[in-house]
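Topology and contacts: notes
What follows is each chain in one-letter form.
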Amino acid sequence: MAGGVVVSASGGKVYPGRMTAFVFFSCLVASSGGLIFGYDIGISGGVTSMDSFLSEFFPSVYAQAKANKDSNQYCKFDSQLLTLFTSSLYLSALATSFVAASVTRIFGRKWSMFCGGITFLAGSALNGAATTVMMLILGRILLGIGVGFANQSVPLYLSEMAPANLRGMLNIGFQLMTTIGILSANLINYATVSIEGGWGWRIGLGLAGVPALIITLGALALPDTPNSLIARGYNAEAKKVLVKVRGTSDVHDEYDDMVAASEEAMASKHPWRNILEPKYRPQLTIAVLIPLFQQLTGINVIMFYAPVLFLTIGFGGDASLMSAVITGLVNMFATIISIICVDRLGRRALFLQGGTQMFVSQVVVGTLIAIQFGTTGVGEMPRSYALLLVLFICLYVAGFAWSWGPLGWLVPSEVFSLEIRSAGQSIAVSVNMMITFIIGQAFLTMLCHLKFGLFYFFAAWMVVMTTFIALFLPETKGVPIDEMNTVWSKHWFWSKYVPAGGREGGSNHRMHGV
């Protein structure tokens, strides 16, 4: 170390970073954007397993769910209208992500977070007061707009504020807040299901306004990132924020590099066209396949519909909600493990270990259900089998929570250079939302037709995506964005697209913080 500069393993200069109180507070508040995403995932699955909710809005599904145990357990909740209640949010978020990309670039990360919070707040109010299915779905659309804005802006904000050596840990704060949101929703579902009069579901849906209010007010209190401020012409303010972020006034060289990088990025007038250039082929591939694979792990089968799934395989109403609480706890604590390990063990190690664990768990879960219900879907699961099933579902959730869950958001947000960053994040979010919508809409029908084979279907995808990571994802831990081209140019496959030498995207400047 000389002159406050560290020489990285790839030979480039990396400005050292440390955890300042300012960085911690900013990233903590921004991470709360994950609360709205997680809360919705947990609450929607819970209310759709409540008798009072089903009888009021989906009476045909309610009647089918109450059929005796001699009926097909795989098909008892099969309803396109019911799944539309859940999955309409993700279709809305998909459409919003493209608008959010422009808002994030033009007005800054913090105002994009604010837009997400305020629209999610409106959606939660509409859902809590709903009297018709149309009101429910309109509320879900507003919630989706909020999720689209938050998922676009929060990961970028975290990556740009965090020092490179702490980027993984601080970025995964978003996923940790998501898991806290899921757990909170599961606890609220469990607490409200027995409310006399059957209106407990209104509390659950309406309380989505609490995390929405947190991110809305939090966004107003946050500064924007130095990168975003410079890109929008607020150079003096950007330098003040950078001093607070780094905890030192000696930021002149880094600031100059940021300005130079921003000027070069501003010279690029067509980020959506530039992102298709061959030199960005590895990053574009990652932005598409990582979120695609994240949803094809089958996690939303567990997290969206955990209570419904547990009811389907023979748990009682309260027991199914308690099982969802257990998986929520596992999800949260396993994410904390990821926070601790991601900048030590690296991205690849967590991806490969988690993928293997999830594959084994899916196979065991599918086999246990096959033994009890076969292809007819008729039967009842003994207590011993049910407990074993919960155990392997928890192992599956843990594998996801320290691998594909947080890394599915972290890796796409850290591989793009400044000129195409908003466009790249928009692609990652839109792919994630599109596949989430498709799986959310199709899951109950797939369960009805594929039966226990649905779990083998997702297990097969685990083999595909784990192989992809092993062959095509280089390690990115601790690598500043300006050094990322070295990672790609030395890779056995991607080197044919990214030439050796030079800077990311042909830049001669250093872009920090991401």
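Heads up: the structure comes first, above all this text.
The present account deals with the structure reproduced in this document.

Conventions we followed
- Residues numbered from 1 in each chain as written.
- Predicted model: local features only at pLDDT ≥ 70, side-chain atom pairs only at ≥ 80, totals over all residues.
- Heavy atoms only, no water.
- Axes fitted to C-alpha atoms, helices over the stretch in contact; angles between N-to-C directions.
- Helix = DSSP H or I, 4+ residues; strand = E, 2+ residues; numbered from the N terminus.
- Left-handed = near helix turned anticlockwise from the far one by under 90°.
- Contact = heavy atoms within 4.5 Å.
- Nonpolar A, V, L, I, M, F, W, Y, C, P; charged D, E, K, R; others polar.
- Patch = residues over 30% accessible without salt bridge, like charges linked within 9 Å, V, L, I, M, F, W, Y side chains within 5 Å.
- Areas by Shrake-Rupley, 256 points an atom, 1.4 Å probe, with all protein chains shown as cover.
- Salt bridge = Lys/Arg side-chain N within 4 Å of Asp/Glu carboxyl O.
- Buried < 20%, exposed > 50% of the residue type's maximum accessible area, 1.4 Å probe, protein only.
- Parallel < 35°, antiparallel > 145°, perpendicular 65-115°, else oblique.
- Phe/Tyr/Trp six-rings, centres within 6.5 Å; stacked < 30°, edge-to-face > 60°.
- Lys NZ or Arg CZ within 6 Å of the ring centre and 35° of its normal.

**As for the packing of helix 2 (residues 33-47) against helix 9 (residues 173-192)**
Between helix 2 and helix 9, the least distance of the axes is 6 Å, while the angle of their chain directions is 30°. Helix 9 is crossed by helix 2, and the crossing has right-handed handedness. Residues G33, G34, L35, F37, G38, Y39, I41, G42, I43, G46 and V47 of helix 2 form the contact with helix 9, whose own contacting residues are F174, M177, T178, I180, G181, I182, A185, N186, I188 and N189. Residues that form the contact of helix 2 with helix 9 fall into these classes: twelve nonpolar, nine polar and no charged.

**Some words on a nonpolar patch on the surface**
A surface patch of nonpolar side chains, about 590 Å² in accessible area, is lined by I106, F107, W111, L213, L217 and L220. Where the nonpolar patch is concerned, the elements lending two or more residues are helix 5 (80-107) and helix 11 (209-221). In terms of residue count, the dominant contributor to the nonpolar patch is helix 11 (three residues). Since its relative accessible area comes to 38%, W111 is described here as partly exposed.

**Concerning the environment of L388**
Its location among the elements puts L388 in helix 21 (residues 383-401). Between the C-alpha atoms of L388 and V365, which are 23 residues apart in sequence, the distance is 8.7 Å.

**Description of the pattern of salt bridges**
Taken as a whole and assessed by the stated rule, the structure comprises eight salt bridges. With its nearest N and O atoms 3.6 Å apart, the salt bridge here joins R202 to E56. Note that R202 is positioned in helix 10 (residues 200-206) and E56 in helix 3 (residues 51-57), a separation of 146 residues in sequence. Its relative accessible area of 25% is what places R202 among the partly exposed residues. Overall, the relative accessible area of 41% leaves E56 in the partly exposed class. Here K279 ties to E277 by a salt bridge, and the two come within 3.6 Å at their closest N and O atoms. E277 gets classed as partly exposed once you look at its relative accessible area, which sits at 28%.

**Some remarks on the side chain of T96**
On the secondary structure map, T96 appears in helix 5. The buried category is assigned to T96, whose relative accessible area is 9%. Apart from the residues lying within four places of it in its own chain, the contact partners of T96 are G144, I145, G148 and F149.

**What about the packing of helix 16 (residues 281-296) against helix 22 (residues 404-414)?**
Between helix 16 and helix 22, whose axes approach to 9 Å, the crossing angle comes to 165°. Accordingly, the angle class assigned to the pair helix 16 and helix 22 is roughly antiparallel. Our pair here, helix 16 against helix 22, has a crossing hand that is left-handed. Contacts between helix 16 and helix 22 involve I286, I290, P291, F293 and Q294 on the former and, on the latter, W404, G405, L407, G408, W409, V411 and P412.

**Thoughts on the packing of aromatic side chains**
Applying the stated criterion to the full structure yields 22 aromatic pairs. Taking the centre distance of 5.8 Å and the plane angle of 45° together, the rings of F53 and F58 count as tilted. Residue F53 is classed as buried on the basis of its relative accessible area of 0%. In textbook terms, an aromatic cluster arises when at least three aromatic residues are bridged by ring pairs, as seen for F293, F351, W404, W461, F468, F472, W488, W492, F493, W494 and Y497. The aromatic ring of W111 is capped on one face by K110, whose charged end is 5.3 Å from the ring centroid.

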